[in-house]
Amino acid sequence: MAFTEEKLQELLSILPDKVKKARKKHILVKDSSQPDQIIEANTRTIPGIITNRGCAYAGCKGVVVGPLKDMIHIVHGPVGCSYYTWGTRRNKAKSEDPTQNFINYCVTTDMQEKDIVFGGEKKLAKLIDEVVEIFKPKAISINATCPVGLIGDDINAVAKSAEERHGVPVLAFSCEGYKGVSQSAGHHIANNILMDKVIGASDKEEAPGRYAINILGEYNIGGDAWEIERVLKDIGYTIVSTMTGDGSYEELRHAHTADLNLVQCHRSINYIAEMLEIKYGTPWVKVNFIGVEGMSQSLRDMATYFDDEELTRKTEEVIAREVARVQPMIDQYRKVCEGKTAFCFVGGSRGHHYQGMYRELGIETVLAGYEFAHRDDYEGRHVIPTIKTDADSKNIPELHVNRDEKRFRVKVSPEKLEELKKKIPLSEYKGMNFDMQDGYIIVDDLNHYETDEFIKLLKPDIFSSGIKDKYVVQKMGIPAKQLHSYDYSGPYAGFNGALNFARDIAMSFATPTWNFIVPPWQDQPLLEGKMAEGEGKAC
Ligand code: SF4
């Protein structure tokens, strides 16, 4: 693909100089002859540029905390923040105890003018009392929105006194929307509180079974976690907790008892993964459960870690059975997809994960990027020591944990760990750029103008992103696949998910709709005329 630096300069030339200079640093043309290609990421959004980004509240309540089903999540703020996150992220949940599944509720203090003027603490305290009386949840979260920090409501003090009043844990998340530069700040804030107040809160010292694992950064969109768990349980794993899709406050308390942490979405949960390793000695491995190859490789990496003959045999047996079942059908869908190209621009991890699945369908991802990832998600974790925190992210607290002398267990000897690191991605993530081909484009915080221009230049066959750009792109006659909500389909993870994804992508191409975009009278004139003899003009 002939996309050059010159073309990129031309594309950006319409922008004011200051903006052009800033945006240039967020766009790369992959070139493996330059081993250390640096991309700028996790910096302030340019005002007025029509970004796809959300806020810290969305990253905290909407992504990490909200899926915990046995908690009531109070949104402290005016009604909008709560309303627009009500059921819009498809983190499914079911519970054996239907009185402890609050996933369908939307609970807010609905702040009014007088709460802004006189403070909203009393209203919040009263709401907590009502919530305890009506729902009797296992725990409660308070999620701060923009005005809360500005007017100085002390949500920590309200949480503490409510906890004393009711004996129910109340967690306060200071995730005001203006903190940091994107959803990412909210992930970090959520990780800190969950690690500090929930994980390890139970007195259990042992996991309830063999090969005990936590699944981190898996939010059960469209049932993804259920499909992953189906396969893992079949192999023989004990799942201690899932963070946080279909997860619960109750199971999160035991997460310290696991022998291995799996990290699916690196961006949103790597903080907890690191802290679990320091505090309890639990190593983590980067997995990718998207695509038949990704799923199979991740299962094999897990078996390598546990190094157990029976587990390895069962792993291979399950992989063989599942691949034999889904691959022939995926191969049929591949015939419709082969040779096409895609854009893959999604939050903080899917921009990478879905490229493998596209490749399995014969589709090349020619442009990819993230809304809110950091440099390590693009370039790999080895760049972390070189990342400087700028003024916009300095207000996100860093939580530092120490070894828990009583509970820290050496799961695998240091020598064995070093040996394993050569075989599997233990405490390691190589990032998205590593997997992209030369000449392909990597864009951080893609905006509306760049979306339009890149589409005109590269003419992708499918555009995968979110709801905000879906219809813009479809109006250009290009199929668009939402990789946040899956267009209300799914699961897309695991073996069954790979099959669902292949079917949905093939359907996007095969639908006859695209043949009807241009009205017939524009490309096939309905009237025919003949030159009348001797007249010399058409009639
Ligand atoms: S930016 Fe502020 S007002 Fe907007 S959704 Fe986030 S918390 Fe609510």
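Note that the structure is a prediction, hence the values are computed from the model and not measured. (Residues numbered from 1 in each chain as written. Predicted model: local features only at pLDDT ≥ 70, side-chain atom pairs only at ≥ 80, totals over all residues. Heavy atoms only, no water.)

1. Looking at the overall build of the protein
- Check the secondary structure of the protein and you find 21 helices and 14 strands.
- The globule rule puts the C-alpha radius of gyration for 539 residues at 24 Å, and the 25 Å found for the protein is close to it.
- Once the C-alpha set of the protein is aligned to its principal axes, its extents read approximately 100 × 65 × 45 Å.
- For the protein, the computed accessible surface area is about 24,400 Å², with 54% contributed by carbon and sulfur atoms.
- Charged side chains in the protein number 67 positive and 78 negative. The centres of these two groups are separated by 1 Å. (Helix = DSSP H or I, 4+ residues; strand = E, 2+ residues; numbered from the N terminus. Rg over C-alpha atoms; globule rule 2.2 N^0.38 Å. Areas by Shrake-Rupley, 256 points an atom, 1.4 Å probe, with all protein chains shown as cover. Lys, Arg positive; Asp, Glu negative; His and termini not counted. Charge placed at Lys NZ, Arg CZ, Asp CG, Glu CD.)

2. Describing the side chain of Ser248
- With respect to the helices, strands and loops of the structure, Ser248 is situated in the loop between β7 (238-244) and α11 (249-252).
- We classify Ser248 as buried; its relative accessible area is 8%.
- In terms of polar contacts, Ser248 uses its side chain to reach the backbone amide nitrogen of Glu251, at 3.1 Å.
- Leave out the neighbours within four places in its chain, and Ser248 touches Leu68, Lys69 and Asp70. (Buried < 20%, exposed > 50% of the residue type's maximum accessible area, 1.4 Å probe, protein only. Polar contact = N/O pair within 3.5 Å; in protein donor to acceptor, adjacent residues only side chain to side chain. Contact = heavy atoms within 4.5 Å.)

3. Topic: the site of the ligand
- The ligand sits among Cys55, Tyr57, Cys81, Thr145, Cys146 and Gly177.
- In the shell around the ligand, the residues fall into 4 nonpolar, 2 polar and no charged. (Near = heavy atom within 4 Å. Nonpolar A, V, L, I, M, F, W, Y, C, P; charged D, E, K, R; others polar.)

4. Regarding the sheet that holds strand β3 (residues 107-108)
- Reading across from one edge, β3-β2-β4-β5 is the order of the 4 strands in this open sheet, with parallel pairing throughout. Of all the strands in the sheet, just β3 and β5 (170-173) have a single pairing partner and so form its edges.
- Sheet analysis places strand β2 (residues 71-76) next to strand β4 (residues 139-144), joined by 6 bridges and oriented parallel. Within β4, the residue paired with Ile72 across the bridge is Ile140.
- Those strands touched by helix α8 (residues 155-166) are β2, β4 and β5, and its axis lies near 175° from that of β5. (Pairing = 2+ DSSP bridges. Axes fitted to C-alpha atoms, helices over the stretch in contact; angles between N-to-C directions.)

5. So, the pairing of strand β12 (residues 441-444)
- Judged by which residues are buried, β12 turns out to be covered on both faces: Ile441 and Val443 on one side and Ile442 and Asp444 on the other are all buried.
- Bridge count between strand β1 (residues 27-29) and β12: 3 bridges; the pairing is antiparallel. Paired with Leu28 across the two strands is Ile442, which belongs to β12.
- Across 4 bridges, strand β11 (residues 364-370) lies against β12 in parallel orientation. When the sheet's bridge partners are listed, Gly369 is paired in β12 with Val443.

6. Considering the UniProt feature "domain: Nitrogenase/oxidoreductase component" (unreviewed entry) in the protein
- Feature annotation in UniProt assigns "domain: Nitrogenase/oxidoreductase component" (unreviewed entry) to the following positions: residues 55-508.
- Split by type, residues 55-508 is 45% helix and 14% strand. Its first and last C-alpha atoms lie 31 Å apart. (UniProt positions renumbered as here; feature names shortened; annotations may be inferred.)

7. Some remarks on helix α13 (residues 292-306)
- With 15 residues, α13 ought to run about 21 Å at 1.5 Å a step, and its terminal C-alpha atoms sit 22 Å apart, in line with that.
- All buried positions along α13 are accounted for by Val292, Gly294, Met295, Ser296, Ser298, Leu299, Asp301, Met302, Ala303, Tyr305 and Phe306.
- Phi turns positive, to about 50°, at Asp307, one or two residues after α13. (Expected span 1.5 Å × (residues − 1).)

8. Quick look at helix α18 (residues 448-458)
- Within the span of α18, buried status applies to Glu450, Thr451, Phe454, Ile455 and Leu458. Around the axis of α18, the buried residues are gathered within 130° of arc, so they sit on the same side.
- The backbone nitrogen of Tyr449 lies 3.2 Å from a side-chain oxygen of the residue at the head of α18, namely Asn447.
- Remark: Lys459 follows α18 within two positions and exhibits a positive phi of approximately 45°. (Arc of directions from axis to C-beta.)

9. Some points on the domain arrangement of the protein
- Segmenting the protein into domains produces domain 1 (56-198) and domain 2 (200-326 + 381-428).
- On a C-alpha basis, the centres of domain 1 and domain 2 stand 27 Å from each other.
- Taken together, the contact between domain 1 and domain 2 spans 31 residues of the former and 34 residues of the latter.
- At the boundary of domain 1 with domain 2, total buried surface from both sides reaches about 2,900 Å², with 65% on carbon and sulfur atoms.
- Summed over the three residues of domain 1 that lose the most area to domain 2, namely His188, Met195 and Val198, the buried surface amounts to 25% of that side.
- Taken together, the links from domain 1 to domain 2 amount to 1 salt bridge. (Domains from an automatic or database assignment. Buried area = accessible area lost by both parts, 1.4 Å probe. Salt bridge = Lys/Arg side-chain N within 4 Å of Asp/Glu carboxyl O.)

10. Digging into the packing of helix α10 (residues 224-235) against helix α20 (residues 494-510)
- Interhelical geometry of α10 versus α20 gives an angle of 140° and a closest axis separation of 7 Å. In terms of their interaxial angle, α10 and α20 are classed as oblique. Of the residues in α20, those touching α10 at Glu227, Arg230 and Val231 are Gly494, Phe495, Asn496 and Gly497.
- Taken together, the residues of the contact of α10 with α20 sort by class into 2 nonpolar, 3 polar and 2 charged. (Parallel < 35°, antiparallel > 145°, perpendicular 65-115°, else oblique.)

11. A few points about the side chain of Arg53
- Mapped onto the elements of the fold, Arg53 is located in the loop between β1 and α3 (56-65).
- Arg53 sits in the buried class, given a relative accessible area of 9%.
- One polar contact links Arg53 to Thr45, side chain to side chain, over a distance of 2.8 Å.
- Leaving out residues up to four positions away in the same chain, Arg53 has contacts with Asn42, Thr43, Arg44, Thr45, Val181, Ser182, Gln183, Glu371, Phe372, Asp444, Asp445 and Lys468.

12. Side note on the sheet that holds β7
- Taken together, 4 strands build an open sheet; the order of strands is β7-β6-β8-β9 and the sheet is parallel. Both edges of this open sheet fall to β7 and β9 (284-286), since each of them pairs with a single strand only. Within this sheet the neighbouring strands show an average axis-to-axis angle of 20°, counted without direction.
- Bridge count for strand β6 (residues 212-218) against strand β8 (residues 260-263) is 4 bridges, and the pairing is parallel. Looking across to β8, one finds that Leu216 is bridged to Val263.
- Against the sheet, α10 touches β6, β7 and β8, its axis set at about 160° to β6.

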